[in-house]
Every structure is written in structure tokens, then in C-alpha cells.
Amino acid sequence: MNSISNSACYYATKQEGKDNHLVIHFMYDRMTYIEVKDGSRLVVPDNPTIGYIEGDGIGPDITKTTIQVVNSALEAAYNDSRSIEWKKILAGDEAMETTGKHLPQESLDELKRCIVSMKGPLTTPIGEGFRSLNVTLRQYFDLYANIRPIKYFPGVPCPVVHPENVNMVIFRENTEDVYSGIEWRYDSEEAKKLRNYLNTEFGVKLTDDTGIGIKPISRFRSTRLVRKALNFAVDNSRKSVTLVHKGNIMKYTEGAFKDWGYQVAENEFKSKIVREEDYLKNKEEFKDKIVVKDRITDNMFQQVLTRTGEYDVIATTNLNGDYLSDAIAAQVGGIGLAPGGNVGDIHAIFEAVHGTAPKYAGLDLANPTSLLLSASMMLTYIGWKEASKVMEDAITQCYKEKKVTQDIARLIGIKELKCSEFGQEVIKRMVSS
Ligand code: NAP
């Protein structure tokens, strides 16, 4: 049976000790956690414990629906042979009310123990020493790849003529670049010291009203991100990997990202890839290879609109990936339908791309598709591809039949479904594999 477990289950047994003292054994839970073997291989039991953070605002609505849909997909795909033991983990407003902290240590410990988790959107708290719970989670677990698959669902109104040409997977570096948070206000002591240092040591003149941010891009972090994108392309028989960068201007950060990207492709994937310039000389000879190419960011924004079908897997730095993923999602109807996974070498947290949409909180009106598709990515991550397919096929069918929530219904002028009703329509369309 699938179940939602909010607290650790326990039982107690009585036993007579030799001094006739009562000995009580507690088994704090009967959960079955995913394990890691050989440092990198996930061993997933048939009833793994998966952590979930409900999130703030619309988080509880979309999470409840998502858990019901995932449980039904597992039943459709595997009957009773596989299920998930859901483990609620506190974060955000609810955690603050209960524990006095937005992200208590126990929650971090539980996320670590679960290895794989799902997360609703969280409000960014103000004045707690860090800017975002999401950024904190990504950095704490070194979830260095933000993976965002974006494709078209027939039936969804889109701003472009051929949205069906969009089928891209973005690998966005998640841990460095200007998101590292190394920055100082223009009038801080740090900014003043740094300006003086740059002036005296390097002859760089910055005026006194200049704030300073640092953009670190390292070989190790760039390489592991591009390696993940290439491995994905190989495992999923994708056609190309495009390195997106602004290296014409920022040569030693963005430009270095591109250079290191080509290096990892040529050093570690030589037999599987071809560089674009070689491919264009002889397309027939290299038709089975993954084409590795690069594009400058500003050009890439127009390329995804004008030559959409030529782009497949994309590997890019943090800020580029942030902008580009929302822009590409807009081509197929917006971020409400875009899933995301934050994935490291082992740990992974799958989350809705959108925020808490506070005006819809508790009204059962939000579109749960982003979290549903993120949960589907999560099932693929743990190797349960059949259930993932059942879910995605049923969601696709709902959009085809225009069974949609208010965000889409209002664009096409039809009656909307509530968040929970959409979930039920998805479940009705599930076909066992
Ligand atoms: P938002 O929560 O994404 O909402 C902006 C608008 O997008 C909503 O008013 C609504 O548009 C639409 N929308 C978003 N999700 C929707 C859904 N599932 N169904 C239907 N419509 C949806 O962005 P925000 O207002 O800028 O941010 C609110 C809070 O969320 C902030 O505290 C922010 O820090 C946080 N946030 C968290 C995450 C995360 O946890 N990963 C990500 C982004 C933002 P209409 O008004 O047009 O209906």
C-alpha cells in the first residue's frame, strides 16, 4: 500500500532483563531508505522512503495532488510490487512556525538520509543570513546540475508558431557564477578595500559608488556539469550538446567554461561525439554521433526561436541557464509546465520551477503540472521509468483533451479544473504499461 507518513512509526516490545528490569526496544521507523553502493550507485528498494517538502503558498495543494498521482502511476505500472513511503520534511513557513527555523538541521539530516526528495516552492525569507532556501539546499547538498527538460504539450496555447519543435534539456550549473553570493554594497568596507586593492595592484579604476560582485567559474565545476550533460545525451540517444556562454566578453570565466566543455567532450567522450565543424563537412559519416557545438548567449536566445529544432541538450553557466530556461519554457506555454531537478553526484531534489504564487494559496486553483513532471523526472532518476511514462502520457492526454487548470483555461476560454480535479483527470487517463 502506498502511504503518506508524517512521523516516524515505532513499536515497543517488552522483555524481562536478568535483573527483571523492563527493557523497551524502540524501532523508530520501518522505512526503507535508498542506499548508495560503490560510492555512486543507487540501490533502490521496492518501497523506498522519499522525502517531500510541501512548500509554501500553493505548495501544499500541488504536493497533495502530486503524491496522489505518483501513487496511482505506481499502481498502474507495477500493481502492488512497488510503492513509495512518503516522508514529510519540514521547511519554509511551516517549519518556522513549528521549530523557529525555516530550514532546521533535522530537515537537512532527513533530506540527506532520503537521498532523493521532492520539493514544493518556498518563500524566500528576508533577513535570516541567507538569501534563498533553494540556493541553500543546492549548495548544502552540492546539487550542481539544475536539469530542466522543456517540451511541448499539444493543446497548450503558445506564443510561437511551431512549439512542437521545442524538445530541449537544459543543464544549468547550480553552484557558482554570480549566484555564489560573493558581493558587496558600494558603500561597504569590503567594497572600498577591494576597489583600493584593484586600483593599487592592477590599475583598475572604479568610482566610489561602485558595488562589487565576483563571478567565479572553475574548471572542476564546469567540467562535471558538462560531463553530466554529455552522459545524459549518450544515455538518451540525443543528437547534440550545445555549450552556451558569453566568452567573447568574459573570456576567463564564460570563455573558459566553453573551452573546458570541449575538453571534457574530447577527452572522455571521443568515440561518441563530433565537433560541429567536422560534422558539417561530412554529415553522413557522423550521423550517429552527438554533435558538440557552442553558441554565444545572446545569439542563443534568437537561435532557440529561429532554429528551434537544431537544439537539443544545452549545458551552460548559472545565470545564462536561469534566463534561458524561462525563455524556452515561455515558447511552450510558460514555467507553470516546466519541471526541474537539482542533481548532484548522488543526492537529488526535484522541484516545481515556479514560485509559491501566494494569491492562489489554499484555493486549490494552482496548476500542479510543474511538480507532477518533476516527480516524473524523479521516478526516472530512481530507475522507475515505466511509472514515469504512465504519468507523462496521462498528463499529455489531459492537455490534448483540454482538461486544464485556470491558468490555461482562461487563455482558451474554457471552464477550468481545480488543482485536485486535474490530478483526478490525470489518474483517470493512466494506462498500465
Ligand atoms: P510565482 O510564485 O511563480 O508566481 C507568479 C505568477 O505566476 C502567479 O501569480 C501566477 O500568475 C503564476 N503561477 C505560478 N505558478 C503557478 C501555478 N502552479 N499555477 C498557476 N499559476 C501559477 O512568482 P513570484 O510571485 O515572483 O514569487 C512568489 C514567491 O515564490 C517568492 O517568495 C519567491 O522567492 C518564491 N519562489 C520560489 C521558487 C522555488 O521555491 N523554487 C521559485 C521562484 C520563486 P497569475 O497571477 O497570472 O495567475
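Structure: see above.
A. Just the overall build of the protein, in detail. A tally of helices and strands in the protein yields 14 helices and 18 strands. In terms of overall dimensions, the protein is globule-like: its C-alpha atoms have a radius of gyration of 24 Å, near the 22 Å expected for 433 residues. With respect to the principal axes defined by its C-alpha atoms, the protein has extents near 80 × 55 × 45 Å. Nonlocal contacts in the protein, meaning residues at least 24 apart in sequence, comprise 71% of its contacts between residues at least 6 apart. For the protein, the accessible area works out to roughly 21,300 Å², and carbon and sulfur atoms hold 51% of it.

B. Broad picture of the pattern of salt bridges. Scanning the model with the defined rule gives 28 salt bridges in all. A salt bridge links Glu-35 to Lys-37, with the shortest nitrogen-to-oxygen separation between them at 3.7 Å. Given a relative accessible area of 43%, Glu-35 falls into the partly exposed group. Look at the salt bridges and you will find they share partners, linking Glu-401, Glu-425, Lys-428 and Arg-429 into a network.

C. Structural context of the packing of helix H11 (residues 369–381) against helix H12 (residues 385–400). Contact geometry of H11 with H12 gives a least axis separation of 7 Å together with a crossing angle of 155°. Taken as axis vectors, H11 and H12 run roughly antiparallel relative to one another. The interaxial crossing formed by H11 with H12 has left-handed handedness. Residues Thr-369, Leu-372, Leu-373, Ala-375, Ser-376, Leu-379 and Thr-380 of H11 form the contact with H12, whose participating residues are Lys-385, Ala-387, Ser-388, Met-391, Glu-392, Ile-395 and Tyr-399. Residue composition of the contact of H11 with H12, by class: 8 nonpolar, 4 polar and 2 charged.

Analysis parameters
Residues numbered from 1 in each chain as written. Predicted model: local features only at pLDDT ≥ 70, side-chain atom pairs only at ≥ 80, totals over all residues. Heavy atoms only, no water. Helix = DSSP H or I, 4+ residues; strand = E, 2+ residues; numbered from the N terminus. Rg over C-alpha atoms; globule rule 2.2 N^0.38 Å. Contact = heavy atoms within 4.5 Å. Areas by Shrake-Rupley, 256 points an atom, 1.4 Å probe, with all protein chains shown as cover. Salt bridge = Lys/Arg side-chain N within 4 Å of Asp/Glu carboxyl O. Buried < 20%, exposed > 50% of the residue type's maximum accessible area, 1.4 Å probe, protein only. Axes fitted to C-alpha atoms, helices over the stretch in contact; angles between N-to-C directions. Parallel < 35°, antiparallel > 145°, perpendicular 65-115°, else oblique. Left-handed = near helix turned anticlockwise from the far one by under 90°. Nonpolar A, V, L, I, M, F, W, Y, C, P; charged D, E, K, R; others polar.

In short, the description is geometric, and any link to function would need to be established separately.
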